Amino acid sequence: MTLVTPPPLDQEDDEILVPHSDSPDGPQSMEVAPAEAATSVDAQAVDDPPSARFTWTIENFSRLNTKKLYSDVFLVGGYKWRILIFPKGNNVDHLSMYLDVADSATLPYGWSRYAQFSLSIVNQIHGRYSIRKETQHQFNSRESDWGFTSFMSLSELCEPSRGFLVNDTCVVEADVTVRTVIDYWSHDSKKETGYVGLKNQGATCYMNSLLQTLYHIPYFRKAVYHMPTTENDMPSGSIPLALQSLFYKLQYSDTSVATKELTKSFGWDTYDSFMQHDVQELNRVLCEKLEDKMKGTVVEGTIQQLFEGHHMNCIECINVDYKSMRKESFYDLQLDVKGCKDVYASFDKYVEVERLEGDNKYHAEQYGLQDARKGVLFIDFPPVLQLQLKRFEYDFMRDTMVKINDRYEFPLQLDLDIENGKYLSPEANRSVRNLYTLHSVLVHSGGVHGGHYYAYIRPTLSDQWFKFDDERVTKEDMKRALEEQYGGEEELPQTNPGFNNSPFKFTKYSNAYMLVYIRESDKDKIVCSVDEKDIAEHLRIRLKKEQEEKEQKRKEKAEAHLYTIIKVARDEDLVEQIGRGIYFDLVDHDKVRSFRIQKQTPFNLFKEEVAKVFAIPVQYQRFWLWAKRQNHTYRPNRPLNLQEEAQSVGELREVSNKANNAELKLFLEVEPGLDLQPMPPPDKTKEDILLFFKLYDPLKEEFRYVGRMFVKGNGKPMEVLTKINDLAGFAPDEEIELYEEIKFEPSVMCERVDKRVTFRSTQLEDGDIICFQKSSEVRSEQCRYPDVPSFLEYVRNRQVIHFRSLEKPKEDEFCLELSKLHTYDDVVERVAEHLVVDDPSKIRLTSHNCYSQQPKPQPIKYRGVEHLSLMLVHYNQTSDILYYEVLDIPLPELQGLKTLKVAFHHATKDEVVIHTIRLPKQSTIGDVLNDLKTKVELSHPNAELRLVEVFYHKIYKIFPLQEKIENINDQYWTLRAEEIPEEEKNLGPHDRLIHVYHFTKETAENQVQIQNFGEPFFLVIREGETLAEVKVCIQKRLQVTDEEFVKWKFAFLSLGRHEYLQDSDIVSARFQRRDVYGAWEQYLGLEHSDNTPKRSHVTNQNRHTFEKPVKIYN
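Scoring rules and cut-offs
- Residues numbered from 1 in each chain as written.
- Predicted model: local features only at pLDDT ≥ 70, side-chain atom pairs only at ≥ 80, totals over all residues.
- Heavy atoms only, no water.
- Helix = DSSP H or I, 4+ residues; strand = E, 2+ residues; numbered from the N terminus.
- Buried < 20%, exposed > 50% of the residue type's maximum accessible area, 1.4 Å probe, protein only.
- Contact = heavy atoms within 4.5 Å.
- Areas by Shrake-Rupley, 256 points an atom, 1.4 Å probe, with all protein chains shown as cover.
- Pairing = 2+ DSSP bridges.
- Axes fitted to C-alpha atoms, helices over the stretch in contact; angles between N-to-C directions.
- Phe/Tyr/Trp six-rings, centres within 6.5 Å; stacked < 30°, edge-to-face > 60°.
- Lys NZ or Arg CZ within 6 Å of the ring centre and 35° of its normal.
- Disulfide = S-S within 2.5 Å.
- Expected span 1.5 Å × (residues − 1).
- Arc of directions from axis to C-beta.
- Salt bridge = Lys/Arg side-chain N within 4 Å of Asp/Glu carboxyl O.
- Core = buried A, V, L, I, M, F, W, Y, C linked by side-chain atoms within 4.5 Å.
- Parallel < 35°, antiparallel > 145°, perpendicular 65-115°, else oblique.
- Left-handed = near helix turned anticlockwise from the far one by under 90°.
- Nonpolar A, V, L, I, M, F, W, Y, C, P; charged D, E, K, R; others polar.
- Polar contact = N/O pair within 3.5 Å; in protein donor to acceptor, adjacent residues only side chain to side chain.
- pLDDT = per-residue confidence, 0-100.

**Student:** Describe the overall build of the protein chain, naming the residues involved and giving the relevant values.
**Tutor:** Scanning the protein chain from terminus to terminus reveals 28 helices and 58 strands. Across the 1114 residues that make up the protein chain, the buried fraction comes to 52%. By sequence separation, contacts in the protein chain at least 24 residues apart represent 68% of the contacts at least 6 residues apart. Split by element, the accessible area of the protein chain, about 53100 Å² in all, is 48% carbon and sulfur.

Dropping the structure here:
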């Protein structure tokens, strides 16, 4: 059976499916180490069924020194597969894992195969905590492997106590189902179905499925069209216009539609588009936004008319005459899936009367706390009923979100008037018939930390269903839309009935997540006709123009091979750009005037076009070719000769551009006369060198282009100083310093020019750049960067760093402009100065993880990196974010200490206090407890303490007093300190110290699961002691009332199996082992409901966890 795999506490939510970027073109035996692995395939029948599980056992995992590792080949569906892992991560700090087509290099051209699959890392201690991720993919020659670059964090995988590595062995599983190959690329959705899909921006399938559902409610679409917008609005800044535009394109386009304008109108950036949000949250936020935008318009109230229903909340006291009634509205209903077999069972649970008693009594104004009954009944249901199925729930016992994949049925027709209107309140209008027909089913495929969304919709409520899966729309039958989305388990047919092998079952991770029903009596109004007359004229004109521009771009793209793009840079461009974004080289070619010219056009004809645009006669134009130099600079290289100017544009482009792109880059030299009117360019000989000049002002820290001039190769700079001063507007005799800007990659090279040496001797050539400044300013102490080289060094390495407090890791607190060359000390000094902290060594910095968008788990050590640039690098990405903390002691001193968070449980008071213990790393557990004694209140002065390790509500270890604290990890485990009871200090020869844990039973995936909760504890049991006697001790210790305690059950649990005990049973007979190490495998279980208040402290959480809510900003 497929593993049930809730993710662990700190699994990162960065699940974007990608083909691995280092995919080999064929077998690469030199890079791939032979796997020391045992492998097996389960449920592999003689005829090779279309589904199978492959298990790969990898030994000596931590000693693997290869970049990537392949499993043995296994067969599924007649195809060869293998698993590919990157043991140290594929450029990330996570294990990377993919499913690979093993024989892709030898398959025929155009091959393709489609598979649904899951990959798992098995938890060898607790199977239910295995990590499993599921996806599907169309494999082909371009994408022959597919999977998860960030499968799980390496730190979590390699932590021995977590159970993923046992005896340095890792167990990997792949469940693969091969489906009929779909020719995805040639499918024409419009032609096949009459509908088009929506493009996925990265992780926006959840939004696409919701938008398609809303679009196919015609009354809603019509209302959106009637929202007032103007021709001056921009879609990226107006949600109504962006939605109108999107719906218009869905209605009239022949190809899939992009959603970028809509997400821009939400105020989302690219990062938001790569974050998978929640469908129902987006639905709620979007509807609220539209409701607000519709106010004061002809469509005001549409959202309420379509989606709003009402129910009555009633609380009635049992012992006093007091009743509270409150009417509430809803746009959608959240229905329980867990424990409910279908929609009707969920509605039964929704209106179920709840008793408020015990700790949960109701406060009834003047009567105080009272026992009461609480219930809800519906006053009215909306025409369009949106049901959100609670597939995701928070599991308090595991302290994490889990997905409920249980089978849950929903009908094609939903009758909410059944059993004489049992869901309706007395105030309900019984003349309205609440019979609904199913319109759409939104599906989630995957797990709690990621997956894929798509929708099944029948737009006209006919028998024909359609699947809207991002860009692809297909016709589907009713069985696929309903029954196959119920969830639960699927059992593959027995492939070899002659053998008594068990059937192969696997959990269906694709299931319904949201349902939309339309009331039968309203369907003619809701499913109305929507045509062009419903669309504002300005919108039709705008979208028609957009379509024409799109068609023009498509045409240009198709004809691109017939044209050359010529980009012409002029002096005016250099003046405009240098010092305003451009500091190195001369120009950004993407910001100069470009011409689209047919390749066969003679260059001389192009010059006439230039004459028209720039008003420069042809005879005054001289064009220079640009060249990329070996040092990566890009400069004008030489003027075109007459022979080249006689060629066609296409021929000239091929001569000038060996990169073979469609662009030709030119510099237009125009010689200004005395009245600034153009004049013919001067003759150029081999002796003439064209130089460009930039002026630096250190006082203003300004850099600008001032012009160009020809100099003689055998001339000297001192001979043209007057001309250079003239370019800058300086006095003719102003003393200036000259520097040559040589290169800026990978580092700046800018050298002083000797004014007494000839230009040729200093190796100056056409296109070189001379930077200059006043000599008097070079020695100025008022300037941060007194000369050209220091300024260019600063510009090359400057970076604005966004600093965030580690306590608020999502909010920029302040920014500092720093240099990438700043040392560790430079950076912390600047931060300390900004924060007004007297000692910079009390500043501790943490780098940013570019993939998870969170702080890295470990802070930067004191002087642990040489330069700022190294603080910002995360694998192959560079960040501009750093996190800071202000410590109470200097960091070098802190690094010699070990900090532990210890939860102290008071012996007699019901309280837990978290203490931070900070001691030298060589200290022992005894030192920790001695330090703790000075901070806590003990029951008596001579009380002895012990420290235990708690994980998932079980005690895994009692720490020996002499154990060193250096290697203790309190990031995942809770460290609990407590007094040792006197009875435990003097155990008799037949006494036992046993573990006692609280538990409940849950049934999931047709299996009974034991879930522990609450605080575990030790208990001394005596030889021959019965359960009845032990229960007296437990009730007294836990101070449980008789009324509550009588409901408790007691069981002996061993390795997850439970055996209930009777009062007469001898408890010690079950516990034969005397040692408590590893005794968490056997314990006395107390079965009862978990109604204890949750403690406010959290000690074993990951250091930084947060979810990103859906926000629409505009």
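Structure's up, so let's keep going.
**Student:** Could you give an account of the sheet that holds strand E44 (residues 843-849), naming the residues involved and the relevant values?
**Tutor:** Where strands meet in a sheet, backbone hydrogen bonds hold them as pairs that are either parallel or antiparallel. Spatially, E43-E42-E48-E44-E45 is the arrangement adopted by the five strands of the open sheet, whose pairing is mixed. Single-partner strands in this sheet number two, and they are strand E43 (814-819) and strand E45 (854-855). Pairing geometry for strand E42 (residues 798-805) and E43, over six bridges, is antiparallel. Bridge assignment links Val800 to a residue of E43, and that residue is Glu817. Against the sheet, helix H22 (residues 824-835) makes contact with E42, E43, E44 and strand E48 (881-886), and its axis sits at roughly 150° relative to E43, the strand it touches most.

**Student:** Residue-level account of the packing of aromatic side chains, with values.
**Tutor:** Aromatic ring pairs: the centre-centre distance and the angle between the two ring planes describe each pair. Scanning the model with the defined rule gives 52 aromatic pairs in all. Geometrically, the ring pair formed by Tyr79 and Trp81 is edge-to-face, given 6.4 Å between the ring centres and 85° between the ring planes. The aromatic ring of Phe151 is capped on one face by Lys133, whose charged end is 5.3 Å from the ring centroid. Positioned above the aromatic ring of Tyr454 is the side chain of Lys467, whose terminal nitrogen or guanidinium carbon lies 4.4 Å from the ring centre.

**Student:** Go over unusual backbone geometry with me, naming the residues and quoting the values.
**Tutor:** Between Glu745 and Pro746 the backbone carries a cis peptide bond, its omega angle lying at -5°. With respect to the helices, strands and loops of the structure, Pro746 is situated in the loop between strand E39 (736-743) and strand E40 (749-752). Within the chain, Asn420 stands out as a residue other than glycine whose phi angle is a positive 60°. For Asn420, the position within the fold is in helix H11 (residues 418-421).

**Student:** Quick one: what's the story with the state of the cysteines, residue by residue and with numbers?
**Tutor:** The full count for this structure, using the stated rule, is zero disulfides. Looking at Cys771, it has no disulfide partner, and the nearest cysteine sulfur is the one in Cys750, 5.2 Å off.

**Student:** Which residues make up helix H14 (residues 537-558), and what values go with them?
**Tutor:** Note: α-helices contain 3.6 residues per turn, so residues at a spacing of three or four share the same orientation. With 22 residues, H14 ought to run about 32 Å at 1.5 Å a step, and its terminal C-alpha atoms sit 31 Å apart, in line with that. Of the positions making up H14, those classed as buried are His538, Leu539, Arg542 and Leu543. Burial along H14 is one-sided: seen end-on, the buried residues are contained in an arc of 125°. Exposed side chains of H14 directed beyond 90 degrees from the buried face belong to Glu537, Ile541 and Lys544. Where H14 is buried, its residues contact helix H5 (239-252).

**Student:** Account for the pattern of salt bridges, with residues named and values stated.
**Tutor:** The final tally for this structure, using the stated rule, is 63 salt bridges. Salt-bridge contacts for Arg918 lead to Asp888; the nearest nitrogen and oxygen are separated by 2.9 Å. Of this pair, Arg918 sits in strand E50 (residues 912-920) while Asp888 sits in the loop between E48 and helix H24 (891-895), placing them 30 residues apart in sequence. Of the residues examined, Arg918 reaches a relative accessible area of 30% and is grouped as partly exposed. Here Asp888 falls in the exposed class, since its relative accessible area comes to 54%. In this structure, a network of salt bridges that share partners links the residues Asp585, Arg629, Arg635, Lys694, Glu741, Glu765 and Asp768.

**Student:** Before we move on, can you summarise the sheet that holds strand E33 (residues 634-639) with the specific residues and values?
**Tutor:** Strands sit in the order E31-E30-E34-E32-E33 across an open sheet of five strands; the sheet is mixed. Both edges of this open sheet fall to strand E31 (593-598) and E33, since each of them pairs with a single strand only. Averaged over all neighbouring strand pairs, the angle between strand axes comes to 40°, with direction disregarded. As paired strands, strand E30 (residues 563-569) and E31 are joined by six bridges and run antiparallel to one another.

**Student:** Outline the environment of Gly926, supporting the account with residue identities and numerical values.
**Tutor:** For Gly926, the position within the fold is in helix H25 (residues 925-933). A relative accessible area of 15% means that Gly926 is categorised as buried.

**Student:** Please set out H22 residue by residue, giving values where relevant.
**Tutor:** Taking 1.5 Å of rise per residue, twelve residues should cover 16 Å, and H22 covers 17 Å from first to last C-alpha, within 8% of that figure. Here H22 has its buried residues at Tyr824, Val827, Val828, Val831 and Ala832. End-on view of H22: buried residues confined to an arc of 130°, all on one side of the axis. Those residues of H22 hidden inside the fold are in contact with E42, E43, E44, helix H23 (868-872) and H24. Val836 lies just past H22 and shows a positive phi near 55°.

**Student:** Can you explain the nonpolar core? Please cite residues and give values.
**Tutor:** With 55 residues, the main nonpolar core has Phe220, Phe247 and Phe307 as its most contacted residues. The element contributing the most residues to this core is H5, with eight residues. Those residues in contact with Phe307 that lie beyond four places of it in its chain are Leu214, Ile217, Phe220, Cys287, Phe330, Tyr331, Pro382, Val384 and Gln386. Counting residues in hydrophobic clusters, the runner-up holds 36 residues, among them Trp81, Leu95, Leu157 and Val178.

**Student:** Please give an account of the packing of helix H4 (residues 218-225) against H5 that cites residues and values.
**Tutor:** The interhelical angle for the contact between H4 and H5, taken along N-to-C directions, is 130°, at an axis separation of 9 Å. As judged from the angle between their axes, H4 and H5 are oblique. Note that H4 runs across H5; the crossing there is left-handed. On H5, the residues that touch Phe220, Arg221, Val224 and Tyr225 of H4 are Leu243, Gln244, Phe247, Tyr248 and Gln251. In the contact of H4 with H5, the residues fall into six nonpolar, two polar and one charged.

**Student:** Break down the packing of helix H3 (residues 205-215) against H5 for me, with residues and values.
**Tutor:** It is at 11 Å that the axes of H3 and H5 come closest, and there the two elements cross at 75°. When the axis of H3 is compared with that of H5, the two are roughly perpendicular. Between H3 and H5, the residues in contact are Leu211, Gln212, Leu214 and Tyr215 and Leu243, Leu246, Phe247, Leu250 and Gln251, respectively. For the contact of H3 with H5, the class distribution of residues is seven nonpolar, two polar and no charged.

**Student:** Hey, could you go over the environment of Arg480 for me, with residue numbers and the actual values?
**Tutor:** As for its placement among the helices and strands, Arg480 is situated in helix H12 (residues 478-481). With 15 residues separating them in the primary sequence, Arg480 and Trp465 have C-alpha atoms 8.9 Å apart. Not counting residues within four places of it along the chain, the set of residues in contact with Arg480 comprises Tyr456 and Gln485. Here the side chain of Arg480 touches Glu484 through a polar contact of 2.9 Å, side chain to side chain.

**Student:** Kindly report on the environment of Gly89, identifying the contributing residues and their values.
**Tutor:** Examined against the element boundaries, Gly89 turns out to sit in the loop between strand E6 (79-86) and strand E7 (94-101). It is 7.8 Å that separates the C-alpha atoms of Gly89 and Leu154, two residues lying 65 residues apart in sequence. Non-local contacts of Gly89, meaning those with residues more than four positions away in its chain, are made with His94, Ser96 and Leu154.

**Student:** With reference to specific residues and values, describe the side chain of Thr474.
**Tutor:** Here Thr474 shows up in strand E26 (residues 472-476). Polar side-chain contacts of Thr474 include one of 2.9 Å to the side chain of Glu476.

**Student:** Account for the confidence of the model for the protein chain, with residues named and values stated.
**Tutor:** Mean pLDDT over the protein chain works out to 82, with 86% of the residues at or above the 70 mark. pLDDT under 50 marks residues 1-19. Its contacts with residues more than four places away, or in other chains, come to 79 contacts. Residue range residues 269-276 is modelled with pLDDT below 50. Its contacts to residues more than four positions away, or to other chains, number 24 contacts.

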